[in-house]
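# Structural features, examined
Residues per chain, in single letters:
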Amino acid sequence: IILAGPSGSGKTTLLSLIGGLRSVQAGSLKVLGKELQGIGKHQLTKVRNQIGFIFQHNNLLKCLSAAGNVRMSLKLHPEIPKREYRQRVTAILESVGLSDKIDSYPAFLSGGQQQRVAIARALVAQPKLVLADEPTAALDSKTGRDVVDAIQRLAKETNCSVLLVTHDNRILDIADRIIQI
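What counts, and where the lines are drawn
- Residues numbered from 1 in each chain as written.
- Predicted model: local features only at pLDDT ≥ 70, side-chain atom pairs only at ≥ 80, totals over all residues.
- Heavy atoms only, no water.
- Buried < 20%, exposed > 50% of the residue type's maximum accessible area, 1.4 Å probe, protein only.
- Helix = DSSP H or I, 4+ residues; strand = E, 2+ residues; numbered from the N terminus.
- Contact = heavy atoms within 4.5 Å.

## Some words on helix α3 (residues 66-74)
- The element α3 is extensively covered by neighbouring structure, given that seven of its nine residues are classed as buried.
- All buried positions along α3 are accounted for by Ala66, Ala67, Gly68, Asn69, Val70, Ser73 and Leu74.
- Residues of α3 that are buried in the fold lie against α4 (85-95) and α5 (111-123).

## Thoughts on the environment of Cys160
- With respect to the secondary-structure elements, Cys160 resides in the loop between α6 (141-157) and β6 (161-166).
- Along the backbone, Cys160 and Phe108 are 52 residues apart, and their C-alpha atoms lie at a distance of 30 Å.
- Not counting residues within four places of it along the chain, the set of residues in contact with Cys160 comprises Leu123, Pro127, Lys128, Leu129, Val130 and Ala155.

## Some thoughts on the environment of Asp176
- Structurally, Asp176 can be placed in the loop between β6 and β7 (178-180).
- We classify Asp176 as exposed; its relative accessible area is 74%.
- For Asp176 and Leu29, which are 147 residues apart along the polypeptide, the C-alpha to C-alpha distance reads 23 Å.

Everything listed here is a matter of coordinates, which is why it stays silent on function.
Structure below.
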């Protein structure tokens with residue numbers, strides 16, 4: 001699903017609320033079957049662990065390689081055995097076309113490669129939902145298309161829903177549904 005609308009209309013705020021990154025102040029918000037209004041920290045963590053996040057600025061840690069950045073996401077999931085980390089990380093980075101960049105640090109990756117590491121990080125734990133906030137904003141049109149195609153393909157392969165905020169009209173065709181805010 002693509003969430004579109006003008007600047008300042010509340011798209012990123014809504015994504016932050018859905019992802020549990022901001023607290024619901026009033027009303028009701030149900031995500032993955034859980035009411036977020038008044039939810040406790042432990043339950044909120046359980047909801048967040050079912051969500052992958054892709055931010056406009058990839059938020060990669062400069063001190064970690066591509067594999068390290070993706071592996072970091074797995075550490076939030078105690079149900080995933082540590083012996084699976086290497087295989088999962090390698091497989092997801094290969095699936096986004098970065099098999100030759102596994103040991104590369106963000107400073108040695110292009111913007112598109114960094115964003116693909118961010119996609120891998122968001123999807124490696126096979127979340128039920130991915131929230132993507134302007135993932136193509138800093139990319140040229142071809143690289144932006146490659147990034148959203150990778151998000152779409154991996155989401156379908158892992159049976160994951162995606163809510164993507166964008167101003168980029170060039171990628172609207174990938175959506176199964178477009179919501180205007």
